[in-house]
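Now for the letters of each chain:
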Amino acid sequence: MNSVRAANRRPRRVSRPRPVQQQQERNNAAAAAGERDDDVPADMVAEESGPGAQNSPYQLRRKTLLPKRTACPTKSSMEGASTSATENFGHRAKRARVSGKSQDLSAPAEQYLQEKLPDEVVLKIFSYLLEQDLCRAACVCKRFSELANDPILWKRLYMEVFEYTRPMMHPEPGKFYQINPEEYEHPNPWKESFQQLYKGAHVKPGFAEHFYSNPARYKGRENMLYYDTIEDALGGVQEAHFDGLIFVHSGIYTDEWIYIESPITMIGAAPGKVADKVIIENTRDSTFVFMEGSEDAYVGYMTIRFNPDDKSAQHHNAHHCLEITVNCSPIIDHCIIRSTCTVGSAVCVSGQGACPTIKHCNISDCENVGLYITDHAQGIYEDNEISNNALAGIWVKNHGNPIIRRNHIHHGRDVGVFTFDHGMGYFESCNIHRNRIAGFEVKAYANPTVVRCEIHHGQTGGIYVHEKGRGQFIENKIYANNFAGVWITSNSDPTIRGNAIFNGNQGGVYIFGDGRGLIEGNDIYGNALAGIQIRTNSCPIVRHNKIHDGQHGGIYVHEKGQGVIEENEVYSNTLAGVWVTTGSTPVLRRNRIHSGKQVGVYFYDNGHGVLEDNDIYNHMYSGVQIRTGSNPKIRRNKIWGGQNGGILVYNSGLGFIEDNEIFDNAMAGVWIKTDSNPTLRRNKIHDGRDGGICIFNGGRGLLEENDIFRNAQAGVLISTNSHPVLRKNRIFDGFAAGIEITNHATATLEGNQIFNNRFGGLFLASGVNVTMKDNKIMNNQDAIEKAVSRGQCLYKISSYTSYPMHDFYRCHTCNTTDRNAICVNCIKKCHQGHDVEFIRHDRFFCDCGAGTLSNPCTLAGEPTHDTDTLYDSAPPIESNTLQHN
């Protein structure tokens, strides 16, 4: 396309600079004939042998002429007083010999001019000189050198030629920058910049005719070239009139054919904000086209616009503000780039070997894509402002692989950055925010690397990876987006590592629709929904993350979600640390899940999976809850410090709970209730602040080969129509009973060892029938029977914190209620002769000993402030997580 366009484009019109041949011939003839130097005004020169030559006190001794030289004062030719005229302007001819008398007579005038004439007068004279004359004057003496280097003189000359109100430094090819003179280390930055920019052509409409019509006014600037159009100046480059530096002065340049095929340098030249004053636009074709041969070309400090009359025409798909094609690497610097076309892009970089450097540019307010990189193109794009474009701020497609650093990409009317169809790229330290769709979108095998960027305040999500997208997102800050910080879907497989993902208005990382990915080492916190959400057959690897302080849950796996979730720290979330539901089967290994405001890990509605080798501790509710058909495998975990129970299985929950250590929970280590039927094997359930295992309300389960010890209440409590099977367990060293069965429950007890429990080994309430085989009940402390035999009130051994099982009674004389119970020794002693009634053999503490009846107990000590006897341990708190779904 580009080669055809180049072949068919109109011939470049070249306007040659007007010759100054006649003036140059006269100067050369005069120099050859030994006439006076044209550089010295005629009224200041007199023949040494003429009349009055020795009488005037202001007579100047004439210097021997130098050979005529028309070269521009480059840096080496404008060094100041320390550089001799011989070095800068050619070898000085030998000085004409004059008599000593004549030399002595001219000395006072020379001395007066060089030493005594006031600075103000000398500066006034110097102000009429051009740059080459100032350089010559600086070679006369030290004083002239200092005065000829006055910054004000050079600022005037500089602004006359270049228009800049601040010096434009050009220390090396392809590098330009403006400086504040007051802050610059060089004493005269105006002169230094003049030296650096001197060899250049100027595009200054209307000035070329004036310049070439006044050769005397611009004497010494013969090698400065002026043109009316950019096309003419580019033609001059091709004809080798100069070394490729073009200054485009203030103005609007419309519909010029600017095809760059050589390493030219084109820079705007204007006062104030340069790029605002130099405007180049096209209404029919691409404004700038860089073609093969334009390696190392430079365009900077100007506004480049594509403004077609028919803004929606499809043929403008191939038209752009900047078009950079194969095998060229121009530098685009400090440009303002605008396109009003509704198709295509403002900047298009395409083709193998297209490798520009675009820096400090403003690509904004375009009605199409801002920057489009495709077809194996590369390049470096740094410190650009890309905003408010109708489509993506940046597109990268078809193996495009740019390096994009420190760009500010914001307020786009579409996505911020869109990589698709195998697009790649390295994005570093960019600020991407407030775009209407995602800040960064990856699609269709695209594989970008995004490092240390800030992606925030997106009107939808932060990062969206879909349709087999990939990519590496490393050490970014992703925050305050309206949807998820990161979305991964439809078989995509990115790497999300070391990012901070926080304060989102929804979730942190959302993986759905067969999404995959490695989510590693991220800090995910403060999000309104789950820190990580996995659903619909997605299977990511989630490891080494911190997921904390969320306003919702930590990790939410649902709708057949999967994944390997390992070595994460999940803590201080408002709802469950981990949810697993609706057919999901994740594997959770070696995580620390702690300090949650509800449940640690919550399996419900057929949630399955594996939970192994985790530390689950210090939750306000249970460490693990299993309900409604859920059937996880829970192995080798440490579950401790819960303010409720360790594990709660309820509402037909299942599960294999094996080889866990469950300890130091405020309530029972394991609760089984409401038709639940888990399997517990080889667990150590110990040092609970309540019972070891509590089974009630129709709970079942197989308890096999567990060690249950040192619990504050019964090692196993079975109640209210429950029917578990206990086989080969060891229940010992409890601070209450070993096993208690009450409230019409039954059980099968086979091969259990029950020993060294304080109250006794096995207690069966009235009406309880159990199946027992090969159990060993031995060496228990039997504190209840010993207290009864000693005539003590049972409250003496239980206080109001334990519930010893024995016969209890009611006293009608004392008007006790159904909520009161009295032990046998108090009936005999304290209520002797009263109308009493035997109730049953069951768990209770003695209200008489507790001091809650009208008459004080004569067997107990100080009364307590408790009121009612509780016949069961306090029930666990079930999660209300579902209320927040």
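Residues numbered from 1 in each chain as written. Predicted model: local features only at pLDDT ≥ 70, side-chain atom pairs only at ≥ 80, totals over all residues. Heavy atoms only, no water.

- An unreviewed UniProt entry annotates the protein chain as F-box only protein 11 isoform X2 originating from Apteryx mantelli.
- The Pathway (unreviewed entry) comment attached to the protein chain in UniProt states, word for word, "Protein modification; protein ubiquitination." (UniProt positions renumbered as here; feature names shortened; annotations may be inferred.)

**Examining the packing of helix α6 (residues 131-138) against helix α8 (residues 151-162)**
Right, so step 1: Interhelical geometry of α6 versus α8 gives an angle of 160° and a closest axis separation of 11 Å. If you check the angle between α6 and α8, you find them roughly antiparallel. Along this stretch, α6 crosses α8, giving a crossing that reads as left-handed. Mapping the contact onto sequence places Glu131, Leu134 and Cys135 in α6 and Leu153, Trp154 and Leu157 in α8.
Right, so step 2: Residue composition of the contact of α6 with α8, by class: 5 nonpolar, no polar and 1 charged. (Axes fitted to C-alpha atoms, helices over the stretch in contact; angles between N-to-C directions. Helix = DSSP H or I, 4+ residues; strand = E, 2+ residues; numbered from the N terminus. Parallel < 35°, antiparallel > 145°, perpendicular 65-115°, else oblique. Left-handed = near helix turned anticlockwise from the far one by under 90°. Contact = heavy atoms within 4.5 Å. Nonpolar A, V, L, I, M, F, W, Y, C, P; charged D, E, K, R; others polar.)

**A word on unusual backbone geometry**
Right, so step 1: Positive phi, normally seen in glycine, also occurs at Thr536, with a value near 45°.
Right, so step 2: By the secondary structure assignment, Thr536 is in the loop between β40 (532-535) and β41 (541-543).
Right, so step 3: Judged by relative accessible area, Thr536 falls into the partly exposed class, the value being 21%.
Right, so step 4: Even without being glycine, His744 reaches a positive phi, approximately 65°.
Right, so step 5: One can find His744 in the loop between β67 (737-741) and β68 (747-750).
Right, so step 6: What makes His744 exposed here is its relative accessible area of 60%. (Buried < 20%, exposed > 50% of the residue type's maximum accessible area, 1.4 Å probe, protein only.)

**Thoughts on the packing of aromatic side chains**
Right, so step 1: Enumeration over the complete set of coordinates arrives at 42 aromatic pairs.
Right, so step 2: What links up through ring pairs into an aromatic cluster is the set Trp154, Tyr158, Phe162, Tyr164, Trp190, Phe194, Tyr198 and Phe247.
Right, so step 3: For the cation-ring pair, Lys204 lies above Phe207, with the distance from its terminal atom to the ring centre recorded as 4.6 Å.
Right, so step 4: For the cation-ring pair, Arg217 lies above Tyr218, with the distance from its terminal atom to the ring centre recorded as 5.0 Å. (Phe/Tyr/Trp six-rings, centres within 6.5 Å; stacked < 30°, edge-to-face > 60°. Lys NZ or Arg CZ within 6 Å of the ring centre and 35° of its normal.)

**Observations regarding the environment of Met302**
Right, so step 1: Considering the arrangement of structural elements, one finds Met302 in the loop between β11 (298-300) and β12 (303-306).
Right, so step 2: Separated by 54 residues in sequence, Met302 and Val248 place their C-alpha atoms 8.4 Å apart.
Right, so step 3: Contacts of Met302, omitting those with residues within four sequence positions, involve Val248, Met266, Ile267, Gly268, Ala275, Val278, Ile280, Phe288, His334, Cys335 and Ile336.

**Looking at the pattern of salt bridges**
Two side chains of opposite charge can pair, provided their charged atoms sit close to one another.
Right, so step 1: For the coordinates displayed, the defined rule picks out 37 salt bridges.
Right, so step 2: For Arg452, the salt bridge identified is with Glu475, shortest N-O distance 3.4 Å. Highlighted residues: Arg452 in the loop between β29 (449-451) and β30 (454-456) and Glu475 in the loop between β32 (472-474) and β33 (477-479), separated in sequence by 23 residues.
Right, so step 3: Given a relative accessible area of 40%, Arg452 falls into the partly exposed group.
Right, so step 4: Among the ionic pairs, Arg543 bridges to Glu520, the shortest N-O distance being 2.7 Å. Here Glu520 lies in strand β38 (residues 518-520) and Arg543 lies in strand β41, a separation of 23 residues in the sequence. (Salt bridge = Lys/Arg side-chain N within 4 Å of Asp/Glu carboxyl O.)

**What to know about the pairing of β67**
Right, so step 1: Most of β67 sits inside the fold, with 5 of its 5 residues counted as buried.
Right, so step 2: Pairing of strand β64 (residues 716-718) with β67, which is carried by 3 bridges, proceeds in the parallel orientation. Opposite Leu717, over in β67, you have Glu740 as the bridge partner.
Right, so step 3: Pairing between β67 and strand β70 (residues 760-764): 4 bridges, direction parallel. Opposite Glu740, over in β70, you have Phe763 as the bridge partner. (Pairing = 2+ DSSP bridges.)

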